[in-house]
Amino acid sequence: MAPPATRPCAHCGLPTDAATEPPFCCTGCEAVYHLLHNEGLDAFYRRLEEGEGHPAPVSAIAEVAPLGMEEVEVVREGGHATAAVAVEGITCAACVWLLERGVGRLPGVTRFAVSFATHRAHIEWEPTTCDLAAIDARVRALGYALRPVRAAAGGRAEKGALARLGVAAFCAMNVMLLSVGLYAGYFQGMTPAVKRSLHLLNWGLATPVLFYSGLPFWRGAWRGLRGRALTMDLLVVLGAGLAYGHSVAVALTGAGETYFDSVVMIVALLLTGRYLEHRARARASAATDRLASLLPATARVWREGGWVGLPLATVATGDRLQVRPGERIGADGRVAAGVTEVDESMLTGESRPVARAEGGRVTAGTLNLAAPIEVVVEATGGATRLAAITRLLERAQSERPPATRIADRVASWFVAVVVGVAVASYLYWRGHGRPDPLLPAITCLIVACPCALGLATPVAVVAATAAAARRGILFKGGSALEALGRVRQVLIDKTGTLTRGDLRLTEAVATADFTDASAALAAAAPLAAMSRHPAARPLAVGDRGATGTTVAEVAGYGVVGEVNGRRWRLGRPAWALVPPPTREEAAVVDRWQSDGATVVALGDGDGHRALFRLADTVRDGAAEAIAALAAARIEATMVTGDAPATAAAIAGRLSLPHWAAGLSPEAKLARVAAAREAGPVAMVGDGINDAPALAAADVGIALARGLDVAVEAADVLLLGEDLGALAEAVAMARASRRVIRENYALAVVYNLITLPLAAAGLMLPLFAATAMAASSLTVTLNSLRLLRRQPANGSRG
């Protein structure tokens, strides 16, 4: 019996005896075949029919660098699973669209959101229907790759982008030098041998620029075509590719003019803007990585009758930890022994330490201040509240919309129109017997190549950010400029933002036993100097000639000790004052606390008594910034984790009508989400508890002196201590947005004039390249006006 006839697999081309129609060698190839057709990517197979080869069988693809599942942290809750991963291969917003459409349709995937700003994806799926391996396979089928966040090769990608830019810049400088000679010869004459030599040298220099430096444009154009999307990359490839092909033909035949200079300048200029965007994305994606540094590397765990130092990763639920003063807590849990105070400002925004006794909850990453405690672990790793904040930050970043640039909005129709005009010009002149019908078509693509469009935003961004940097404002990218220019509402954190974030002595009251308040402060200073409590720092001043002996910290109450033979208590009024506070003293305490102040008392039990009022002070320029925002018709709202009394006191001092107190990081994030429904929103903060809200807002603004996580999550940094820079940042953003719109208008008018001339054959490619350079220069000069802009004084932008 003859063996069954074999036929090539419809996907990979390997021989198969399958009787199905079309035939497949395996179920994997069949699945990918139907995937490509369902996603509208069947042009892939037309390329195969043209003899361009076959893909590897799916069994081989599965062996090539799959996602490292064991390195991805998957959180499962409520029948759903979530994970954050890095995506390799993204070059433009079209890539984000293709990925979200292609993967989001996979059965079981409830959410696949990709952030163009960070190149990270937030995935949610139903484990009973699909798994992360299936999602990874779909992503690789679309031409991209998933990687664990910490394994993403951000540094390598940045080095590659810099290398491509370096090659393009070096070759472009040399090509332009050689082209000077060609330009001169065009008008003054040149021997054929010299002209041919210059052409060949330019050919050699332009080749690596187009095919190595310009490789991202080729890849982006191909991915856009596969996804049925016309992108700016396609126009770059068409214009540079045809100009290169024509120039090669001229270099070989010696008849005509070459345009290698246009090729290298197009690639070099656009790569510059793309590299700057890459740097901004790398800084943004580092924000979540900084959260891990809040946890200690090791923990003291009770093992077999003693405390043993172990890696934090080995700690499990039910373990007993010992945490000393000045150390961070490694896991969520409850205090099993000891009384202390914990700094939770990183999570709650509350500026005061919180007392924790037996049974009290403590959170991973918070700082133990006063005394040793023992903690029974209730949650570790991805189940802690710190990990939840990390996931909130990642989700918020993935939900940030791509930068809304006008070039992206008009790219599809612009590319289609330019290509249509070029093709029509070629067909017209070919039908009318022109000897070089391709020349007008190449001229159309060269003159319309998006140099002016490509420079409209980057040059304005460079000028605006340079001017802003001189005034203590750091924008991380052009998207921040555009977003801040559209903002109509600003949410501002209190502690560390509107205020300085540290307590200061503002008032003191002493009994007659003290000669004056300064004498009471001198008595309190030695005790305060021996305390770890943040409220003691403002009092640790004055006469240091006194010495404190037998000083002891009483967790949750204060400090007790002897100074010059007299025993003192410094701390909470009800504890430090013996006998208890008088009616007059109680009235002072109530009045100060109603204003949101912290009250510290000093007493010796023998008539010497004093009260100290400590309060967070308003930051310089805060009132002016609020007034300037109001003048610009921007509504400002204070959001804080502090108590309502404290928030009301600060809002009153700043004449701020809108405020909200007692907000957790989740509540701040919800506030941002609700505010965004009414229009673009900015968030201003400086702490870890602000990081998710900073990332979720249209633009996040942080003080550079704040915690690293907030700094990394923000789009704009205020480098100085004066909050007046906030109003200047808004004014600069509005000015740059106006200039960008003007630049796009100039670019459009330029194309409306030059495209008809090129299509009519009234313009040579040489003059097209000159016109293109002139349009770029016009846009650049218009953008440089931002460098001469005068600082705003609360004026409307």
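Residues numbered from 1 in each chain as written. Predicted model: local features only at pLDDT ≥ 70, side-chain atom pairs only at ≥ 80, totals over all residues. Heavy atoms only, no water.

*Asks:* It is not clear to me how the overall build of the chain should be interpreted in this structure. Could you clarify?
*Replies:* Tallying secondary structure elements over the chain gives 28 helices and 29 strands in all. Looking at the chain as a whole, 51% of its 797 residues are labelled buried. Sequence separation of at least 24 residues holds for 67% of the intrachain contacts in the chain that already meet a minimum separation of 6. Accessible area of the chain: about 34,200 Å², with a carbon and sulfur share of 59%. (Helix = DSSP H or I, 4+ residues; strand = E, 2+ residues; numbered from the N terminus. Buried < 20%, exposed > 50% of the residue type's maximum accessible area, 1.4 Å probe, protein only. Contact = heavy atoms within 4.5 Å. Areas by Shrake-Rupley, 256 points an atom, 1.4 Å probe, with all protein chains shown as cover.)

*Asks:* Can you walk me through the sheet that holds strand β10 (residues 320–323) in this structure?
*Replies:* By way of backbone hydrogen bonds, the strands of a sheet pair with one another, either parallel or antiparallel. Across the sheet, which stays open at both edges, the six strands sit in the order β9-β8-β10-β16-β11-β14 with antiparallel pairing between neighbours. At either end of the open sheet lies a strand with only one pairing partner, and these are β9 (306–311) and β14 (361–362). With six bridges connecting them, strand β8 (residues 298–303) and β9 associate as antiparallel partners. Looking at the pairing, Arg300 lines up with Gly309 of β9. (Pairing = 2+ DSSP bridges.)

*Asks:* What am I meant to see in the sheet that holds strand β25 (residues 635–639) here?
*Replies:* With mixed pairing, seven strands are arranged side by side in an open sheet as β17-β29-β28-β27-β18-β25-β26. The open sheet has two edge strands with one neighbour each: β17 (473–475) and β26 (659–660).

*Asks:* Looking at this structure, I do not really get the environment of Pro22. What am I missing?
*Replies:* In this fold, Pro22 is placed in the loop between β2 (15–16) and α1 (27–38). On the basis of relative accessible area, Pro22 is assigned to the partly exposed category, the value being 24%. With 14 residues separating them in the primary sequence, Pro22 and Pro8 have C-alpha atoms 9.4 Å apart.

*Asks:* Would you take a moment to explain a nonpolar patch on the surface for this structure?
*Replies:* Together, Val748, Val749, Leu752, Ile753, Leu757 and Leu762 give the surface a local cluster of nonpolar side chains, amounting to about 570 Å² of exposed area. Note that Ile753 resides in helix α27 (residues 725–759). (Patch = residues over 30% accessible without salt bridge, like charges linked within 9 Å, V, L, I, M, F, W, Y side chains within 5 Å. Salt bridge = Lys/Arg side-chain N within 4 Å of Asp/Glu carboxyl O.)

*Asks:* Would you mind going over the environment of Val362 with me for this structure?
*Replies:* Along the chain, the position of Val362 falls in strand β14. Val362 gets classed as buried once you look at its relative accessible area, which sits at 2%. Spatially, the C-alpha atoms of Val362 and Val376 are 9.7 Å apart, while their sequence positions differ by 14 residues. Apart from residues lying up to four places away in sequence, Val362 is in contact with Ile329, Ala331, Asp332, Gly333, Val335, Val342, Arg356 and Val375.

*Asks:* Got a minute to help me understand the packing of aromatic side chains in this structure?
*Replies:* In this description, an aromatic ring pair is defined by two values, namely the gap between the centres and the angle between the planes. Scanning the model with the defined rule gives seven aromatic pairs in all. Summarising the aromatic geometry, the rings of Phe211 and Tyr244 are spaced 5.3 Å apart at their centres and angled 85° between planes, so their arrangement reads as edge-to-face. With a gap of 33 residues between them, Phe211 in helix α7 (residues 192–213) and Tyr244 in helix α9 (residues 232–253) connect regions that are remote in the sequence. Residue classification places Phe211 among the partly exposed positions, given a relative accessible area of 42%. The exposure class of Tyr244 is buried, given its relative accessible area of 10%. An aromatic cluster of three or more residues is present, and its members are Phe211, Trp218, Tyr244 and Phe260. Across the ring face of Tyr212, the terminal group of Arg164 is positioned such that the distance to the ring centre comes to 4.9 Å. (Phe/Tyr/Trp six-rings, centres within 6.5 Å; stacked < 30°, edge-to-face > 60°. Lys NZ or Arg CZ within 6 Å of the ring centre and 35° of its normal.)

Taken by themselves, the reported measurements are silent on function.
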